[in-house]
Amino acid sequence: MAQAPVSMSIRAEFEERFADSRAMFERSRQVIPSGITHDGRYLKPFPVYVQRAAGAHKWTVDGHKLIDFSMGHGSLILGHNDPEVLAAVQAALPMGTHFGAGHEGEIAWAEQIIRMMPGADRVKFTLSGTEATLLAIRVARAYTGKSVILKFEGHFHGWNDYLLKGERPPFEGAPMPGIPRETLDTVSVVPADLAYVEERLSQGDIAGVIIEPSGGSWAMVPLPEGFLAGLRALATKYDAPLIFDEVITGFRWAPGGAQERLGITPDLTTLAKIVAGGMPGGAVTGSAALMRHLEFSDEPGWNTTRKVRHQGTYNSNPVAAAAGVTCLRRCADPAVQAQCDEMATRLRVGLNGILADRDAPGIAWGDSSVFHLALGVASTDVHLGDVQYPSGMSAEALKASAQGPLTATLQQGMLIEGVDLFASGGLLSLAHTDEDLDRTLAAFDRVVVRMGEDGLFESV
Ligand code: PMP
């Protein structure tokens, strides 16, 4: 994509308003590469630095209050510092932060997950989503005795060596510095098209199929109608375990995640984010038959040849367990997800309305309680009543536009207005109010007008 013009007025105002963040960035980059600890936080000319957060808001070191749409990268469905979660964490802390042993909190946490997730017979805890997907594919490989993992174009499953492949265009050919070619060769990336999937599965070497059931990158790349049901049937037909990566959708799409909302049960599920109530934590759940590969057994040879190894100093840390179980008990009430969904729909409709009113090229879309925004793309396919799917755009085009050259200007413009987008989208929480949405829409309107005045949409 050609480099879009930069709005010098937005950039200059951003630099002026966030001068203290810039100073912190200058200090940070001396010790932390690019001054950030997650590539998703990269923003030119610098990212903002945050001092504290509460509810749906956070305050930068510059003293500016922001409406937060990153919400702990999606982990804070109840909002920052939800009083019940905070109380659970505060009660757990003085009891000790690491027992080096099992504890009741982890049992209660696993029991709660099993109550909520249709596909969960057993639970194993990890520290992150990246570790959860790594463990899930190891279990699938041990179960089948095969090597190749099938994944989909534009789907994100964390940053482990296997699953980073195929997330961004060009999906098969993107360079992956630091990851051995031999490792990449054990992962096959296909488009979300059942004909491709069956062709690949029929070759007989697939150990498991992993997918974001929302569509790639939390519904940025929607799945074709009926695709998941077809995938479920094919995975069963070819005996390849189906893994739903519900790191984002788990407890967000419904109390029992996308598998409950869509009525399709996977063989394994990966969880993180909401599962740990905003503390570090992840999990793998699944059918007893697959999860058996994480169990020790007296069966001769099992422990050395069949059992999957799993360690991790911080797995089911007692403080994370306390936050997780408290958060999940709240999320068992479908009113939580319904409220967040309703707000996200209002936001998507409102954003598309502004783009239409201002005759600005762009699309807002999404599903459940998330939204994505792409500016600078022709929006002829979008209908206001139908904001779920921008039709007629390939996975490649959707990813490229949502991560396009106008994103940084949009982010800067919104930050000036007191709104922190998560890249070019966001995730809603129970803590967001109607007033937050009104203010966000008013902010977006001003930024769109300003970008238009600065000529940023002229090449479209
Ligand atoms: N899977 C999905 C679907 C995700 O969205 C993410 C993180 N955004 C991960 C896996 C990785 O999780 P973590 O950042 O906890 O390693």
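Because the structure is a prediction, the values reported are computed rather than measured.

> Is there a simple way to think about the overall build of the protein chain in this case?
Per the secondary structure count, the protein chain includes 17 helices and 14 strands. Taken along its principal axes, the extent of the C-alpha atoms in the protein chain is 75 × 55 × 45 Å. A buried classification covers 56% of the 460 residues belonging to the protein chain. For the protein chain, contacts bridging at least 24 residues in sequence account for 71% of all contacts bridging at least 6. Per element, the accessible surface of the protein chain, about 19,600 Å² overall, is 52% carbon and sulfur. The averaged location of the 54 negative side-chain charges in the protein chain is 5 Å from the averaged location of its 39 positive side-chain charges.

> Hey, could you run me through the sheet that holds strand β14 (residues 425-427) in this one?
Two modes of strand pairing occur in sheets, parallel and antiparallel, and in both the strands are linked by backbone hydrogen bonds. The sheet built from three strands is open, its strands ordered β11-β12-β14 with antiparallel pairing. The sheet is open, and its two edges are formed by β11 (362-367) and β14, each paired on a single side. If you compare each strand with its neighbour and ignore which way they point, the axes differ by 15° on average. Taken together, the six bridges between β11 and strand β12 (residues 370-375) define a ladder with antiparallel strand orientation. Among the inter-strand pairings, Ala364 is bridged to a residue of β12, identified as Leu373. Sheet contacts for helix α14 (residues 334-357): β11 and β12; angle to β11, the most-contacted strand, approximately 170°.

> What should I look at first to understand the site of the ligand in this one?
Surveying the vicinity of the ligand reveals the residues Ser128, Gly129, Thr130, Phe156, His157, Gly158, Glu212, Asp245, Val247, Ile248 and Lys273. Between Phe156 and the ligand, the recorded distance is 3.5 Å, taken from a backbone N or O atom to a nitrogen atom. Lys273 is positioned with one of its side-chain polar atoms (N or O) 3.0 Å from a nitrogen atom of the ligand. Looking at the shell around the ligand residue by residue, the classes come out as three nonpolar, five polar and three charged.

> Explain the sheet that holds strand β5 (residues 148-152) to me, please; I cannot follow it from the model alone.
Here we have seven strands laid out as an open sheet, ordered β4-β10-β9-β8-β7-β5-β6, and mixed in their pairing. Only two strands of the sheet have a single partner each, and these edge strands are β4 (122-126) and β6 (187-190). Across the sheet, the mean angle separating the axes of adjacent strands is 20° when strand polarity is ignored. As paired elements, strand β9 (residues 268-272) and strand β10 (residues 282-286) share five bridges and run antiparallel to each other.

> Honestly, helix α13 (residues 318-331) in this entry has me stumped. Any pointers?
Counted at 1.5 Å a residue, the expected span for α13 with its 14 residues is 20 Å, and the 20 Å between its end C-alpha atoms agrees. Of all the residues in α13, the buried ones are Pro318, Val319, Ala320, Ala321, Ala322, Ala323, Gly324, Val325, Thr326, Cys327, Leu328 and Cys331. For α13, the N-terminal cap is Asn317; the gap from its side-chain oxygen to the backbone nitrogen of Val319 is 3.0 Å.

> Help me understand unusual backbone geometry in this model?
Across the junction of Lys44 and Pro45, the peptide omega takes the value 0°, indicating a cis bond. Cis geometry is adopted by the peptide bond preceding Pro170, which originates at Pro169 and carries an omega value of -5°. Structurally, Pro170 can be placed in the loop between β5 and α6 (181-184). Here Trp218, not a glycine, exhibits a phi torsion of approximately 40°, which is positive. When you line up the elements, Trp218 lands in helix α8 (residues 216-219). Given a relative accessible area of 13%, Trp218 falls into the buried group.

> What is the right way to read the packing of aromatic side chains from this model?
One pair of aromatic rings is described through two measures. These are the centre distance and the angle between the planes. All told, the structure shown has seven aromatic pairs when counted by the stated rule. Look at Trp109 and Phe125: their rings are 4.2 Å apart centre to centre, the planes differ by 15°, and that puts the pair in the stacked class. Here Phe125 lies in strand β4 and Trp109 lies in helix α4 (residues 104-116), a separation of 16 residues in the sequence. Looking at Trp109, the relative accessible area reads 1%, which means it is buried. The interplanar angle of 90° and the centroid separation of 5.5 Å between the aromatic rings of Phe152 and Phe227 together place this pair among those described as edge-to-face.

> Just to check I follow, could you spell out the side chain of Gln112 for this structure?
Mapped onto the fold, Gln112 is located in helix α4. For Gln112, a relative accessible area of 5% translates into the label buried. Contact partners of Gln112, with chain neighbours within four places excluded, come to Val325, Leu328, Arg329 and Ala332.

> What is the right way to read the confidence of the model for the protein chain from this model?
Caution applies to low-pLDDT regions: their predicted coordinates should not be interpreted in detail. Across the protein chain, the average pLDDT comes to 94, with 96% of residues at or above 70. Below pLDDT 50 for its whole length, residues 382-388 participates in 16 contacts with residues either more than four positions away or in separate chains.

So, how was this worked out
- Residues numbered from 1 in each chain as written.
- Predicted model: local features only at pLDDT ≥ 70, side-chain atom pairs only at ≥ 80, totals over all residues.
- Heavy atoms only, no water.
- Helix = DSSP H or I, 4+ residues; strand = E, 2+ residues; numbered from the N terminus.
- Buried < 20%, exposed > 50% of the residue type's maximum accessible area, 1.4 Å probe, protein only.
- Contact = heavy atoms within 4.5 Å.
- Areas by Shrake-Rupley, 256 points an atom, 1.4 Å probe, with all protein chains shown as cover.
- Lys, Arg positive; Asp, Glu negative; His and termini not counted.
- Charge placed at Lys NZ, Arg CZ, Asp CG, Glu CD.
- Pairing = 2+ DSSP bridges.
- Axes fitted to C-alpha atoms, helices over the stretch in contact; angles between N-to-C directions.
- Near = heavy atom within 4 Å.
- Polar contact = N/O pair within 3.5 Å; in protein donor to acceptor, adjacent residues only side chain to side chain.
- Nonpolar A, V, L, I, M, F, W, Y, C, P; charged D, E, K, R; others polar.
- Expected span 1.5 Å × (residues − 1).
- Phe/Tyr/Trp six-rings, centres within 6.5 Å; stacked < 30°, edge-to-face > 60°.
- pLDDT = per-residue confidence, 0-100.

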